[in-house]
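# Report on the structure
Next come the chains, spelled out residue by residue.
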Amino acid sequence: MATKTKFHRKFGGHVRKLRNSRELTQEALAERSNLSVDAIRRIERGAFSPSLETLGKLTTGLDVSLKTLFQGFEHERTDDVAELCDFLSGRSGEEVRRARRVLLAMFGEH
């Protein structure tokens, strides 16, 4: 049981980091996720084991994919590359090509 509790607290801390990096309050994340503020608090404290449905709602509220949510947790940090991919996946082909050109120019790649 202690391992399960430690795992839940670690995951809750990861969710808190993601929320804070987006400058969201628990209330704002709850609203964006269609979850109760109490559920967000319990997840962040590690006192609640979220269902798949709840995880799906969290990804919506945090604007990350489920893969990114768990990749970042596994690495104990937000995976910036995965988040960037999530961001770009919602853009048009032309916007993605433009972003690529900007990145290549920024890093001196031609």
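For the structure itself, consult the block above.
About the thresholds
- Residues numbered from 1 in each chain as written.
- Predicted model: local features only at pLDDT ≥ 70, side-chain atom pairs only at ≥ 80, totals over all residues.
- Heavy atoms only, no water.
- Helix = DSSP H or I, 4+ residues; strand = E, 2+ residues; numbered from the N terminus.
- Polar contact = N/O pair within 3.5 Å; in protein donor to acceptor, adjacent residues only side chain to side chain.
- Contact = heavy atoms within 4.5 Å.
- Salt bridge = Lys/Arg side-chain N within 4 Å of Asp/Glu carboxyl O.
- Buried < 20%, exposed > 50% of the residue type's maximum accessible area, 1.4 Å probe, protein only.
- Phe/Tyr/Trp six-rings, centres within 6.5 Å; stacked < 30°, edge-to-face > 60°.
- Lys, Arg positive; Asp, Glu negative; His and termini not counted.

## Looking at the side chain of Gln26
Turning to its location among the elements, Gln26 is positioned in helix H2 (residues 26-33). Within the structure, the side chain of Gln26 is placed 3.2 Å from the side chain of Arg41, a separation counted as a polar contact. Contacts of Gln26, omitting those with residues within four sequence positions, involve Arg19, Val37, Ile40, Arg41 and Glu44.

## So, the pattern of salt bridges
The full count for this structure, using the stated rule, is seven salt bridges. One salt bridge in this structure joins Glu44 and Arg16, with 3.6 Å as the shortest N-O distance. Pair noted here: Glu44 is in helix H3 (residues 37-45) and Arg16 is in helix H1 (residues 2-21), with a separation of 28 residues, a long-range link. Owing to a relative accessible area of 3%, Glu44 belongs among the buried residues under this scheme. On the basis of relative accessible area, Arg16 is assigned to the partly exposed category, the value being 32%. Between Arg101 and Glu94 there is a salt bridge, with its nearest N and O atoms 3.5 Å apart.

## Notes on the packing of aromatic side chains
One pass over the full model with this rule turns up one aromatic pair. Measuring from ring centre to ring centre gives 5.9 Å for Phe11 and Phe70, while their planes differ by 20°; the resulting arrangement is stacked. Pair noted here: Phe11 is in helix H1 and Phe70 is in helix H5 (residues 66-74), with a separation of 59 residues, a long-range link. Looking at Phe70, the relative accessible area reads 33%, which means it is partly exposed.

## So, the side chain of Asp86
Position of Asp86 relative to the elements: it lies in helix H6 (residues 80-89). For the buried Asp86, no salt bridge exists, and the shortest N-O distance to an oppositely charged side chain is 6.8 Å, to Arg22. Those residues within four positions of Asp86 in sequence are excluded, and the remaining contacts are Val64, Ser65 and Thr68.

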